[in-house]
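Descriptive structure summary
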Amino acid sequence: MPSATAIPTTLPAMSLCPRVLLIDDESDLHELFADVLGREVRCRLLRATSVAEARAILESQPVELVVIDVHLPDGDGLSLLQTIRKAQPFAGAIVITGKPSVDGAISALRCGATDFLPKPFSADQLVERIRRALNRQQLEAKNERRLGRLRIAVRRLNDARRTVAKKVDLLCNDLIGAYGELSRQLDVVRTQEGFRKYLREARDLEQLLCHTMDWILRQAGYCNVAVWLAGDDQDYQLGAYMKYTIPGESALTDAMRGGIIPLAARDGFVHLGTDEAGDVLTPRELEHLSGQTVMAVNCTYLGESLATVVLFRSGKTPFGDEDAAMLKTISPLFAVALASVVRRESDAEMSEDSPTDENDGDSPDRFGDSFDSFDQTDDVPPSEGSGGRKRRRDKTSDADWWKRGESPPF
């Protein structure tokens, strides 16, 4: 809130004993004023006999009423009215003269005088005019003081209003920022829950990869998707590939294994526009990915890299910040689901192995049998008598549409 510092005003405090300045060169008039005012009007009389002496008093101390003779030894008394307006703006002024005229009275009033008193005048006339002038001056001074206090209050209220407005603006900005942050957090939770629910239908590693790519396509739109699985020696192998415009031929996948994959494993996340891709990707990758926008995320579980997911498509439809946020959000969930599926399948394989197997005692590969890319895997499960491991598939899952050769359901 604003401080309570008083705002200065030029209005003097009301005096208990008003000061009346008489400016006249006649000694008899000075005696009359002293005698009459001393008996009839409670005031303090100040005296001056010239323009110069009057100016010195007006500029050195406050007065409430000035009585001025028009003719003074060193000049016109009316010239003092301008000095009074500057030095004593709230003082009243009575002009007296021995040669009264209508023009003179009008001129005096125009110069700022509040009354015009022609000579000769009686003591009663003098007292009446002095009292009237002092009452008018005190009333005007009182009103002006009220206006001054009102101005001060208005200024303080305006200062307070501006301060409150600033604080309200800051509060609104904080609320908007908090709402935006809460909205972003809710978006993250919504994305996580949607992806986690989608993965619950995956019964094995193949379906996990299939459902993951299907969910990504539904969120980011059509694009090429490649899922790379990390081996024990951190040698990444292609686990699944979804073709949208560029086929996952060995020339491309080998180039990616030596370029974008280690880059994503090192940085955690990569988002490249067409210009950035031209500067970052290897020459071998650019033979296939020139003009493409690329995103890649490293999926880790307990600090260990399990997989890398790469998305790319034409730079005419680049990936946005929402796509990047989505990929970052699901990467830890995919890593957890991947670790769970791999552990479950590894345990199942070990329980099915005979003690007399020639591989007894050997540590299984992290992902069991080698897993071909989805665009190359036969969808027909081996017969039970063939000796091969039977793959379980959920034929009713919408996420398996492309494995069944169907059109996209979205």
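Note: the structure precedes this text.
Residues numbered from 1 in each chain as written. Predicted model: local features only at pLDDT ≥ 70, side-chain atom pairs only at ≥ 80, totals over all residues. Heavy atoms only, no water.

**Focus on the sheet that holds strand S1 (residues 19–23)**
Sheet strands associate in pairs through backbone hydrogen bonding, adopting either a parallel or an antiparallel arrangement. Spatially, five strands are ordered S2-S1-S3-S6-S7 in an open sheet, and the strand pairing comes out parallel. Of all strands in the sheet, those bounded by a partner on one side alone are strand S2 (44–48) and strand S7 (115–118). The mean inter-strand angle of the sheet, taken between neighbouring strand axes irrespective of direction, is 20°. Where S1 lies against strand S3 (residues 65–69), four bridges are found, and the strand directions are parallel. Residue pairing across strands places Leu 22 opposite Val 67, the latter belonging to S3. This element, helix H2 (residues 51–60), spans S1, S2 and S3 of the sheet and lies at about 140° to S2. (Pairing = 2+ DSSP bridges. Helix = DSSP H or I, 4+ residues; strand = E, 2+ residues; numbered from the N terminus. Axes fitted to C-alpha atoms, helices over the stretch in contact; angles between N-to-C directions. Contact = heavy atoms within 4.5 Å.)

**Describing the pairing of strand S10 (residues 269–272)**
Side chains Val 270 and Leu 272 project from S10 onto a buried face, and the interleaved Phe 269 and His 271 project onto a face without burial. Summarising the sheet, S10 and strand S11 (residues 292–301) pair through four bridges and their orientation is antiparallel. Counterpart to Leu 272 in the pairing with S11 is Val 294. (Buried < 20%, exposed > 50% of the residue type's maximum accessible area, 1.4 Å probe, protein only.)

**Brief notes about the nonpolar core**
In terms of nonpolar packing, the biggest core is built from 38 residues, with Leu 208, Val 309, Leu 311, Phe 334 and Leu 338 touching the most fellow members. Secondary-structure elements contributing two or more residues to this core are helix H5 (123–199), helix H6 (205–220), strand S8 (224–230), strand S9 (236–242), S11, strand S12 (304–314) and helix H11 (321–352). Setting aside residues up to four positions removed in sequence, Leu 208 forms contacts with Leu 199, Ala 202, Phe 334, Ala 337, Leu 338 and Val 341. If you look at the next biggest cluster of nonpolar residues, it comprises 24 residues, including Ile 57, Ile 68, Leu 80 and Val 95. (Core = buried A, V, L, I, M, F, W, Y, C linked by side-chain atoms within 4.5 Å.)

**Notes on the pairing of S9**
Burial of S9 is extensive: six of the seven residues sit out of reach of the surface. Inspection of the sheet shows S8 paired to S9 by six bridges, in the antiparallel sense. Note on S9: the bridge partner recorded for Val 227 is Ala 240. The antiparallel pairing of S8 with S9 creates a hairpin that spans five residues between the two strands, and Gln 234 there sits at a positive phi of about 60°.

**What to know about the packing of H5 against H6**
Their axes nearest at 9 Å, the elements H5 and H6 cross at an angle of 145°. The element H5 and its partner H6 pack so that their crossing is right-handed. Residue-level contacts link Thr 191, Gly 194, Phe 195, Tyr 198 and Leu 199 of H5 to Leu 208, His 211, Thr 212, Asp 214, Trp 215 and Arg 218 of H6. (Left-handed = near helix turned anticlockwise from the far one by under 90°.)

**Here we look at a nonpolar patch on the surface**
A surface patch of nonpolar side chains, amounting to about 250 Å² of accessible area, comprises Leu 147, Leu 150 and Val 154. The topology assignment puts Leu 147 in helix H5. The class for Leu 147 is partly exposed, based on a relative accessible area of 40%. (Patch = residues over 30% accessible without salt bridge, like charges linked within 9 Å, V, L, I, M, F, W, Y side chains within 5 Å. Areas by Shrake-Rupley, 256 points an atom, 1.4 Å probe, with all protein chains shown as cover. Salt bridge = Lys/Arg side-chain N within 4 Å of Asp/Glu carboxyl O.)

**Some details on the pattern of salt bridges**
With the rule as written, the count across this model stands at 16 salt bridges. Of the charged contacts in the structure, one is a salt bridge between Lys 119 and Asp 69, with a shortest N-O distance of 3.4 Å. Placement of Lys 119 in the loop between S7 and H5 and of Asp 69 in strand S3 is noted, with a sequence separation of 50 residues between them. This pair shows no difference in class: Lys 119 is buried, exactly as Asp 69 is. Here Arg 257 and Asp 254 are joined by a salt bridge, their closest N and O atoms 2.9 Å apart. Highlighted residues: Arg 257 and Asp 254, both in helix H7 (residues 250–257), separated by three residues, approximately one helical turn.

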